[in-house]
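# Fold and contact review
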Amino acid sequence: MTENGYAAMTAIAVAADPYHRAAVAYGRAEAAVVADEFVDQVLRAVIPAARFEQRSAFEWLIWLSESDVGLAGLVDAARGHLESRLLEYGDSGRFLDICMGVAVGAELTEAVTGRAVIDCADAALSTAIVGRHTVVFADSGTPEQIRSDVDIATRLSQSDGDDFVLHYQPIVTLSDRRTVGYESLLRWHTEAGLLSPEVFLAVAEDTSLIVPIGRHSIDDAIRTLATEVVPTVGADAFVSLNLSAQQLWDTAITAYVADTIEANAVDPEQVWIEIRENEAVELGTPAERAVAQLHEIGCIICVDDLGSGFSALRYVRDLPVDVVKVDKTLIDGILDDSASGALVHAIRDVAQSTGIGMVAEGVEDESVVPALQELGFQFAQGYLFGHPSPHPR
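About the cut-offs
Residues numbered from 1 in each chain as written. Predicted model: local features only at pLDDT ≥ 70, side-chain atom pairs only at ≥ 80, totals over all residues. Heavy atoms only, no water. Helix = DSSP H or I, 4+ residues; strand = E, 2+ residues; numbered from the N terminus. Contact = heavy atoms within 4.5 Å. Areas by Shrake-Rupley, 256 points an atom, 1.4 Å probe, with all protein chains shown as cover. Axes fitted to C-alpha atoms, helices over the stretch in contact; angles between N-to-C directions. Parallel < 35°, antiparallel > 145°, perpendicular 65-115°, else oblique. Left-handed = near helix turned anticlockwise from the far one by under 90°. Nonpolar A, V, L, I, M, F, W, Y, C, P; charged D, E, K, R; others polar. Core = buried A, V, L, I, M, F, W, Y, C linked by side-chain atoms within 4.5 Å. Buried < 20%, exposed > 50% of the residue type's maximum accessible area, 1.4 Å probe, protein only. Polar contact = N/O pair within 3.5 Å; in protein donor to acceptor, adjacent residues only side chain to side chain. Phe/Tyr/Trp six-rings, centres within 6.5 Å; stacked < 30°, edge-to-face > 60°. Salt bridge = Lys/Arg side-chain N within 4 Å of Asp/Glu carboxyl O. Pairing = 2+ DSSP bridges. Arc of directions from axis to C-beta.

## Section: the overall build of the chain
Helix and strand counts for the chain stand at 15 helices and 16 strands. When contacts within the chain are restricted to residue pairs at least 6 apart in sequence, those whose partners lie at least 24 apart make up 68%. Carbon and sulfur atoms provide 51% of the accessible area of the chain, an area that totals close to 18,200 Å².

## Brief notes about the packing of helix 10 (residues 253-263) against helix 11 (residues 286-296)
As a packed pair, helix 10 and helix 11 sit with axes 9 Å apart at the nearest point and diverge in direction by 25 degrees. Relative to helix 11, helix 10 is oriented roughly parallel. Here helix 10 runs over helix 11; the crossing is right-handed. Residues Ile253, Thr254 and Val257 of helix 10 pack against Ala290, Gln293 and Leu294 of helix 11. Residue composition of the contact of helix 10 with helix 11, grouped by class: four nonpolar, two polar and no charged.

## Overview of the nonpolar core
Taken as a class, soluble globular proteins show a tendency for nonpolar side chains to be buried jointly. Counting residues in each nonpolar core, the largest one holds 68 residues, and the members touching the most others are Leu156, Val324, Val363, Leu372 and Phe377. The biggest single contributor to this core is helix 8 (residues 210-233), with eight residues. Beyond its immediate sequence surroundings of up to four residues, Val324 is in contact with Val303, Leu306, Val316, Ile347, Ile356, Gly357, Met358 and Val359. Core analysis: the second largest hydrophobic core is formed by 27 residues, Ile12, Ala31, Phe52 and Phe58 among them.

## With respect to the environment of Ser240
Relative to the elements of secondary structure, Ser240 occurs in strand 11 (residues 238-242). Placed 57 residues apart in sequence, Ser240 and Glu183 show a C-alpha to C-alpha distance of 4.7 Å. Aside from chain neighbours lying at most four places away, what touches Ser240 is Tyr182, Glu183, Ser184, Trp272, Glu274 and Lys325. A polar contact is formed between the side chain of Ser240 and the side chain of Glu274, at a distance of 2.8 Å.

## Structural notes on the packing of aromatic side chains
The full count for this structure, using the stated rule, is five aromatic pairs. With 4.0 Å between their ring centres and 5 degrees between their planes, Phe238 and Trp272 make a pair best called stacked. Highlighted residues: Phe238 in strand 11 and Trp272 in strand 12 (residues 271-276), separated in sequence by 34 residues. A residue is classified by how much of its surface remains accessible, and Phe238, at 6% relative accessible area, is buried. Look at Trp272 and Phe379: their rings are 6.0 Å apart centre to centre, the planes differ by 80 degrees, and that puts the pair in the edge-to-face class. Here Phe379 lies in strand 16 (residues 379-380) and Trp272 lies in strand 12, a separation of 107 residues in the sequence. Side by side, Trp272 and Phe379 carry an identical accessibility label, which is buried.

## Some remarks on the pattern of salt bridges
Counted according to the given criterion, the structure contains 18 salt bridges. The partner of Arg115 in a salt bridge is Asp119, with the nearest N and O atoms 3.2 Å apart. Taken together, the residues Arg115 and Asp119, both in helix 5 (residues 114-131) and four residues apart, mark about one turn of the helix. Overall, Arg115 belongs to the partly exposed group, its relative accessible area being 44%. Asp119 sits in the partly exposed class, given a relative accessible area of 24%. For Lys328, the salt bridge identified is with Glu364, shortest N-O distance 3.3 Å. Placement of Lys328 in helix 13 (residues 328-332) and of Glu364 in the loop between strand 15 (357-360) and helix 15 (369-375) is noted, with a sequence separation of 36 residues between them. Accessibility expressed as a relative area gives 29% for Lys328, which makes it partly exposed. Salt bridges linked by common partners bring Arg115, Asp119, Glu144 and Arg147 together as one network.

## Overview of the sheet that holds strand 7 (residues 135-137)
Taken together, the five strands give an open sheet; going across it, the order is 2-3-1-6-7, and neighbouring strands pair in mixed fashion. One side of each edge strand has no neighbouring strand; the edge strands of this open sheet are strand 2 (51-56) and strand 7. With strand direction ignored, the average angle separating the axes of adjacent strands in the sheet is 20 degrees. One ladder, built from five bridges, connects strand 2 with strand 3 (residues 59-64); its direction is antiparallel. Opposite Phe52, over in strand 3, you have Ile62 as the bridge partner. Helix 3 (residues 28-43) contacts strand 1 (10-16), strand 2, strand 3 and strand 6 (98-104) of the sheet and is inclined by roughly 20 degrees relative to strand 3.

## A word on helix 10
Of all the residues in helix 10, the buried ones are Ile253, Thr254, Val257, Thr260 and Ile261. Buried residues of helix 10, viewed axially, fall in a sector of 135 degrees; they line one side. Among the exposed residues of helix 10, those oriented more than 90 degrees off its buried face are Glu262 and Ala263. Buried residues in helix 10 make contact with helix 8, helix 9 (245-248), strand 12 and helix 11. With its phi angle positive at about 55 degrees, Ala265 sits one or two positions after the end of helix 10.

## Some thoughts on unusual backbone geometry
For residues other than glycine, phi is negative in most cases, and the peptide bonds are mostly trans. Phi is positive for Asp17, close to 55 degrees, though the residue is something other than glycine. Assignment of secondary structure puts Asp17 in the loop between strand 1 and helix 2 (21-26). Judged by relative accessible area, Asp17 falls into the buried class, the value being 2%. One non-glycine residue with positive phi stands out, namely Arg132, at about 60 degrees. Among the structural elements, Arg132 can be located in the loop between helix 5 and strand 7. Exposure remark for Arg132: the relative accessible area of 53% places this residue in the exposed category.

Okay, structure coming up:
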């Protein structure tokens, strides 16, 4: 078949045991045999006419032609395997994780060669593995997104600490709009200009580059607290640090924060540790222990973007939370969206019953301020009170 002929086909990239759990449980050699059994029992059984290419002990590339109508069955079989993850093997079953990336050539108008279709399948497989999904379907932009992420990771690796700077956005008391602290927000200096975290943070976290970058930010924020914030705002002023779950898995993070606080002669209570609600901070993990340890040394634990995810009540219940920041999307809707209003009222009730402080995020409209005060918000931040700036002001 010609190269262009393959472009009209469907390519499926399959990875067995992508997290190496079967290799640990049974040994690599037996895990490879179990992977072969999965292909024979589950995949070949659905479409025996498909072309199977084994790329390594744990990876396959499957080609389906337009006349093979079994794609849906193949995907369903893989998803069905997810329910048990067990395969018949000898006298008992064997556990096996599977990830698949599917590229339907006829639906990928920009993939005009077989190589391009394979790239799309591999990119979808990468997305499946990172996201811990069984099956991901590619679109024409998937490979370019992967290439962009790799390019960003390369440039992040080549950057030094001076390429990363912090901007500071004021946090005010709602009663008198007095600045009492600042949130530190990471920025990256590149040849293309100053980039916000939305562009690079996910890549930095996925590659663990956020750990050294984050340490530089911790140094900068606490030094700025001591040298600029306290002298201008007052002795009780604070600065907040955004720490991702990846940073919290660093077993040395508490000691690093404590040493930096001591070196700059500030009170631990002047350092807020912000954890995003959609971050996975599970009980019994190094991340959960780090949060507890940071609280024990006196730092204020703050849940950021509350209402943007699904962890709110669990975090308040299981972690030593001192402050919650209510997400801008809820704040924007408190006047005219009943669902947003109800959620904010519920958060208020939980916060008041547990003695947790509240910050309204992303406040831009003067009209919401009376409602926020009535709801009991002590603090607020947003463009109404000040934009992020390289220096606290």
